[in-house]
There are 2 protein chains.
Amino acid sequence: MISQKTRYAFRALFYIARSKGPVSLSDIAASENLSRKFLELVMAELKRHHLVTASRGKKGGYELARPAGDISYAEVIRAIDGPLAMAPCASVTAHRQCRDCYDPRFCAIRQVLLEVRGSTAEILERHKLSDFLGILPKIAV
Amino acid sequence: MISQKTRYAFRALFYIARSKGPVSLSDIAASENLSRKFLELVMAELKRHHLVTASRGKKGGYELARPAGDISYAEVIRAIDGPLAMAPCASVTAHRQCRDCYDPRFCAIRQVLLEVRGSTAEILERHKLSDFLGILPKIAV
DNA sequence: ATTGACTCTATAGGAATAATGGACATTATG
DNA sequence: CATAATGTCCATTATTCCTATAGAGTCAAT
């Protein structure tokens, strides 16, 4: 399951995508009914992963670092929740051995989870933030 | 990520599948190097979901409720970790609305997560416990 | 009756998630 | 320069979930 934080991230990103110019934290929080302080942490992560840029001071706020059509669902989920795979050993972007792993070559789940990871990544990388912007009358999450 | 509990479940199930006749908790725990008491909880769940049957008393133990070729990876994961979907609203076996959902029809992630859920389920349902039994020299997880 | 097994209920510790609070830094503007 | 509106940083709390353990109870074979 994706975390509440990731949900916040999507809401914020869709809101920014629909807006023009820098959007302030307070603005996003108020419009999407999110905790301003919690959203702050989310935005920090999104910034750290170069999905948004921030500007300070009056008239400051957040903007998408790239066009909405160039930001995939996978990037958003990875930025907040981490790897898409169902096991460390099945992750491509953050591969590491599972604890207590006897030998990856004899693992009866790794191969299957790799297959799952592959199809999941393909789908989430194919879909972009812009996918529903023009279609849905109002974007929610 | 799948939980440690699910990992235990797979190890136990593979061990039972390779054995003959009822296999005791202590036997599984000792052979697979698992906490006996924790494994107990895992086996209870597997029993509740009809993946194994248990018999009491001397000579008692656990057996697969069905042939290993009839038990899918999806069933095991669902039994312990719950739905495969990345959001409650994208689950087929345990569908429910996400908290704070404005309107599922306007949700910009539900459709994508449904797609992911579909491909994940297809893969995990296609693979059975027996898949690697004859292939790998030793089954680990 | 004894032994070896599963079963049930309770609980504790720790990690991750969710959320909050306050002080600080930066920028536009009058 | 003063002010107000903004993001940034650090610390802390609350809650939930995961992992693990403990002990008393039940059942069946011998």
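Data block above holds the structure.
Criteria and thresholds
- Residues numbered from 1 in each chain as written.
- Chains lettered and ligands numbered in written order.
- Predicted model: local features only at pLDDT ≥ 70, side-chain atom pairs only at ≥ 80, totals over all residues.
- Helix = DSSP H or I, 4+ residues; strand = E, 2+ residues; numbered from the N terminus.
- Buried ≥ 20, exposed ≤ 12 C-beta atoms within 10 Å, placed from the backbone.
- Contact = placed C-beta atoms within 7 Å.
- Nonpolar A, V, L, I, M, F, W, Y, C, P; charged D, E, K, R; others polar.
- Least-squares fit on C-alpha atoms with pLDDT ≥ 70 in both.
- Near = placed C-beta within 6 Å.
- Expected span 1.5 Å × (residues − 1).
- Arc of directions from axis to C-beta.
- Axes fitted to C-alpha atoms, helices over the stretch in contact; angles between N-to-C directions.
- Parallel < 35°, antiparallel > 145°, perpendicular 65-115°, else oblique.

Undergrad: Describe the overall build of chain A, and please don't skip the residues or the numbers.
TA: Helix and strand counts for chain A come out as 5 helices and 2 strands. Helices and strands appear in chain A in the N-to-C order α-α-α-β-β-α-α. When its C-alpha atoms are laid out on the principal axes, chain A stretches across 60 × 30 × 25 Å. For chain A, the residues scored as buried account for 39% of the 141 residues in total. The contacts in chain A between residues at least 6 apart in sequence include a share of 59% that link residues at least 24 apart.

Undergrad: Give a description of the interface of chain A and chain B that names residues and reports values.
TA: Taken together, the contacts link 28 residues of chain A with 28 residues of chain B. Looking at the side of chain A that touches chain B, the elements with two or more residues in it are helix H1 (4-18) and helix H5 (110-126) of chain A. Top element by residues in the side of chain A that touches chain B is H5(A). It accounts for 7 residues. Per-class residue counts for the side of chain A that touches chain B are 22 nonpolar, 3 polar and 3 charged.

Undergrad: Got a sec to walk through the relation of the copies chain A and chain B? Specific residues and values, please.
TA: Overlaying chain A on chain B yields an RMSD of 0.1 Å, the required transformation being a rotation through 180 degrees with an accompanying axial translation of 0.0 Å. With respect to symmetry, the two chain copies, as superposed, fit the operation of a two-fold axis. Residue by residue, 100% of the interface of chain A is reproduced at the interface of chain B, so both copies engage with the same surface.

Undergrad: Lay out the protein's contact with DNA strand C in plain terms, naming residues and giving numbers.
TA: Around DNA strand C, 24 residues are found, and the nearest of them are Ser3(A), Gln4(A), Ser35(A), Gly57(A) and Leu25(B). Secondary structure elements with two or more residues in the surface near DNA strand C: H1 and helix H3 (36-48) of chain A together with helix H2 (25-32), helix H3 (36-48) and strand S2 (61-64) of chain B. Among the residues forming the surface near DNA strand C, the class breakdown is 6 nonpolar, 9 polar and 9 charged.

Undergrad: If you had to explain H3(B) to someone new, which residues and values would you point to?
TA: All names here are of chain B. A rise of 1.5 Å per residue sets the reference length of H3, with its 13 residues, at 18 Å; its end C-alpha atoms lie 18 Å apart and thus fit the reference within 8%. Those residues of H3 that sit buried are Leu-39, Val-42, Met-43 and Leu-46. Seen from one end, H3 has its buried residues packed into an arc of 100 degrees, which puts them on one side. Of the residues in H3, the exposed ones pointing more than 90 degrees away from the buried face are Lys-37, Glu-40, Ala-44 and Arg-48. A positive backbone phi angle near 60 degrees is found at His-50, which sits one or two residues after H3.

Undergrad: Residue-level account of the packing of helix H1 (residues 4-18) of chain B against H2(B), with values.
TA: Residue and element names in this part refer to chain B. One way to put it is that H1 packs onto H2 with a least axis distance of 10 Å and a crossing angle of 110 degrees. Classed by the angle they form, the pair H1 and H2 counts as roughly perpendicular. The residues of H2 that touch H1, namely those facing Arg-11, Ala-12 and Tyr-15, are Ile-28, Ser-31 and Glu-32. Residues belonging to the contact of H1 with H2 are distributed by class as follows: 3 nonpolar, 1 polar and 2 charged.

Undergrad: Talk me through the protein's contact with DNA strand D; I want residue IDs and the actual numbers.
TA: Surveying the vicinity of DNA strand D reveals 25 residues, the closest of which are Leu25(A), Ser3(B), Gln4(B), Ser35(B) and Gly57(B). Looking at the surface near DNA strand D, the elements that each hand over two or more residues are helix H2 (25-32), H3 and strand S2 (61-64) of chain A together with H1 and H3 of chain B. In terms of residues, the surface near DNA strand D owes the most to one element, H3(A), which gives 4 residues. Taken together, the residues of the surface near DNA strand D break down into 7 nonpolar, 9 polar and 9 charged.

Undergrad: I'd like a rundown of unusual backbone geometry, residues and numbers included.
TA: All names here are of chain A. The residue His-50 is not glycine, and still its phi comes out positive at about 60 degrees. Inspection of the secondary structure assignment puts His-50 in the loop between H3 and strand S1 (52-55). Positioned with a positive phi, Asp-100 is a non-glycine residue whose angle comes to about 70 degrees. Among the secondary structure elements, Asp-100 is positioned in the loop between helix H4 (73-81) and H5. Owing to 13 C-beta atoms within 10 Å, Asp-100 belongs among the partly exposed residues under this scheme.

Coordinates in, geometry out; function isn't part of it.
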